[in-house]
Amino acid sequence: MQYLERFLADLDSGPSSAVSRVALGLCIPPVFRALSGGRDQIWIDLVLFLALLIGLRVIPAVLRKVLPFSAEAKQIWSDRRQIAKLHDSYQWQKLFWVGLGLLPYAVVGGGLRTGEWVLTAICLIGGGAGLLIWRRINAAPPAPQLKAQVLAKTSSG
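Notes on the structure follow. Predicted, not measured: the structure shown is a model, and the values here were computed from it.

**With respect to the nonpolar core**
Here is a general trend for soluble globular proteins: nonpolar side chains tend to be buried in one another's company. Counting 10 residues, the largest nonpolar core is built from Ile-28, Phe-32, Ile-44, Leu-48, Phe-49, Leu-95, Val-98, Leu-102, Leu-119 and Cys-123. The set of elements that each furnish at least two residues to this core consists of helix H2 (14-35), helix H3 (42-66), helix H5 (88-102) and helix H7 (114-137). In this view, Phe-49 contacts Ile-28, Phe-32, Leu-95, Val-98, Leu-119 and Cys-123; residues no more than four positions away in its chain are not counted. Counting residues in each nonpolar core, the second largest holds 5 residues, with Ala-9, Phe-69, Ile-76 and Trp-77 among its members.

In structure tokens, the structure reads:
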């Protein structure tokens, strides 16, 4: 695998996964405020957040189709998508880190607005539950081992 592919694969695993999602959470309030014209309406934040989540699924899918990634990188991403299809908690746990990225705005930068508080609560509560469930399902082995362990547990259970 080339350096860029390794970087992109690592970006979604281990500590770098948490760091990238916290960084995403840190970007949400200023970007959403700019896109909403400064209006503080819960539905606007929820729609923007839903659009963000859809974008986080669609953009990588398009890039995987368009760019010439190696078979190894494609296999890692395919394995992760299969795990996500089997276990909702694998996806939900990612929201926890986004919620942590939103939290600094609660104490600095004028605080969180109502819609941002709702997003933070959804991310921390839903993501925290997903994180706990996922940790119980799988003790976070490296990605190639992850599929084999999860699939073995699923087929034997």
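**Re the packing of aromatic side chains**
By the definition in use, this model includes 2 aromatic pairs. Here Phe-69 and Trp-77 contribute two aromatic rings whose centre-to-centre distance is 4.9 Å and whose plane-to-plane angle is 85 degrees, an arrangement assigned as edge-to-face. Each member of the pair Phe-69 and Trp-77 is classed as buried. On the numbers, 5.1 Å between centres and 80 degrees between planes, the contact of Phe-96 with Trp-97 is edge-to-face.

**Things to note about the packing of H2 against H3**
When two helices pack together, their arrangement is given by the angle between the helix axes and by the axis-to-axis distance. Between H2 and H3, whose axes approach to 11 Å, the crossing angle comes to 125 degrees. By the criterion of interaxial angle, the relationship of H2 to H3 is oblique. Relative to H3, H2 is oriented so that their crossing is right-handed. Along the contact surface, H2 presents Leu-24, Ile-28, Phe-32 and Leu-35, while H3 presents Asp-45, Leu-48, Phe-49, Leu-52 and Leu-56. For the contact of H2 with H3, the per-class residue count stands at 8 nonpolar, no polar and 1 charged.

Rules used throughout
Residues numbered from 1 in each chain as written. Predicted model: local features only at pLDDT ≥ 70, side-chain atom pairs only at ≥ 80, totals over all residues. Heavy atoms only, no water. Core = buried A, V, L, I, M, F, W, Y, C linked by side-chain atoms within 4.5 Å. Buried < 20%, exposed > 50% of the residue type's maximum accessible area, 1.4 Å probe, protein only. Helix = DSSP H or I, 4+ residues; strand = E, 2+ residues; numbered from the N terminus. Contact = heavy atoms within 4.5 Å. Phe/Tyr/Trp six-rings, centres within 6.5 Å; stacked < 30°, edge-to-face > 60°. Axes fitted to C-alpha atoms, helices over the stretch in contact; angles between N-to-C directions. Parallel < 35°, antiparallel > 145°, perpendicular 65-115°, else oblique. Left-handed = near helix turned anticlockwise from the far one by under 90°. Nonpolar A, V, L, I, M, F, W, Y, C, P; charged D, E, K, R; others polar.

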